[in-house]
Amino acid sequence: MIIVNAILPAKEEKKDEIITKAKDLITASRTHDGNISYNLVEDVLDNSLTFIEKWESKEALEAHMKTEEFIAFGEAIKDDLTDELSITVYVAEAVSGN
């Protein structure tokens, strides 16, 4: 499994707008082949937003990153951030769960 944490350092006044724009991306991404989960969470201390994604494979993630909605979202929010996105990709194996 591939896990992605993508931190979006949002401008305070743009955070709600980014969340609204993200809803279409999240909805579409959850239907992409190989997607396990796709969520956006807010850090209440530093106002950042973080996408937490789980993918079945690196190939599924790479295909997702080429989709129209992924590219459009990146373009739509580029001026709404205080800094560059911080993206970390992990290869994980579940050791317990439902």
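Residues numbered from 1 in each chain as written. Predicted model: local features only at pLDDT ≥ 70, side-chain atom pairs only at ≥ 80, totals over all residues. Heavy atoms only, no water.

Draft legend 1. Looking closely at the sheet that holds strand 3 (residues 49–55). The antiparallel open sheet is built from 4 strands, whose spatial order is 2-3-1-4. Of all strands in the sheet, those bounded by a partner on one side alone are strand 2 (35–42) and strand 4 (86–91). The mean inter-strand angle of the sheet, taken between neighbouring strand axes irrespective of direction, is 10 degrees. In the sheet, strand 1 (residues 2–8) pairs with strand 3 via 7 bridges, with the strands oriented antiparallel. (Pairing = 2+ DSSP bridges. Helix = DSSP H or I, 4+ residues; strand = E, 2+ residues; numbered from the N terminus. Axes fitted to C-alpha atoms, helices over the stretch in contact; angles between N-to-C directions.)

Draft legend 2. Region of the structure containing the side chain of lysine 15. Its location among the elements puts lysine 15 in helix 1 (residues 15–29). On the accessibility criterion, lysine 15 (6% relative accessible area) is buried. Not counting chain neighbours up to four residues away, the residues in contact with lysine 15 comprise Ala10, Glu42, Asn47 and Leu49. (Buried < 20%, exposed > 50% of the residue type's maximum accessible area, 1.4 Å probe, protein only. Contact = heavy atoms within 4.5 Å.)

Draft legend 3. Spotlight on the pairing of strand 2. As paired strands, strand 2 and strand 3 are joined by 7 bridges and run antiparallel to one another. Counterpart to tyrosine 38 in the pairing with strand 3 is glutamate 53. Where strand 2 folds back onto strand 3 in an antiparallel hairpin, the turn is made up of 6 residues, including asparagine 47, whose phi is positive at roughly 65 degrees.

Draft legend 4. Structural context of the nonpolar core. Core analysis: the biggest nonpolar cluster contains 18 residues, and Leu8, Ile18, Phe51, Trp55 and Phe73 have the highest contact counts within it. Of all the elements in the fold, those that place two or more residues in this core are strand 1, helix 1, strand 3, helix 2 (58–64) and helix 3 (68–77). Discounting residues that sit within four places of it in the chain, phenylalanine 73 has contacts with Leu8, Ile18, Lys21, Ala22, Leu25 and Phe51. (Core = buried A, V, L, I, M, F, W, Y, C linked by side-chain atoms within 4.5 Å.)

Draft legend 5. A look at the packing of aromatic side chains. Under the counting rule described, the total for this entry stands at 3 aromatic pairs. A ring pair is formed by tyrosine 38 and phenylalanine 51, whose centres lie 5.5 Å apart and whose planes are at 55 degrees; its orientation type is tilted. Placement of tyrosine 38 in strand 2 and of phenylalanine 51 in strand 3 is noted, with a sequence separation of 13 residues between them. With relative accessibility at 1%, the residue tyrosine 38 sits in the buried group. We classify phenylalanine 51 as buried; its relative accessible area is 4%. (Phe/Tyr/Trp six-rings, centres within 6.5 Å; stacked < 30°, edge-to-face > 60°.)

Draft legend 6. Quick peek at helix 1. Along its 15 residues, helix 1 runs 20 Å from first to last C-alpha, staying within 8% of the 21 Å computed at 1.5 Å per residue. Most pronounced at alanine 22, the bend in helix 1 amounts to some 30 degrees. Listed as buried for helix 1 are Lys15, Ile18, Ala22, Leu25, Ile26, Ala28 and Ser29. Lining the buried residues of helix 1 we find strand 1, strand 2, strand 3, helix 2 and helix 3. (Expected span 1.5 Å × (residues − 1). Bend = angle between axes of the 7 residues up to and from the residue.)

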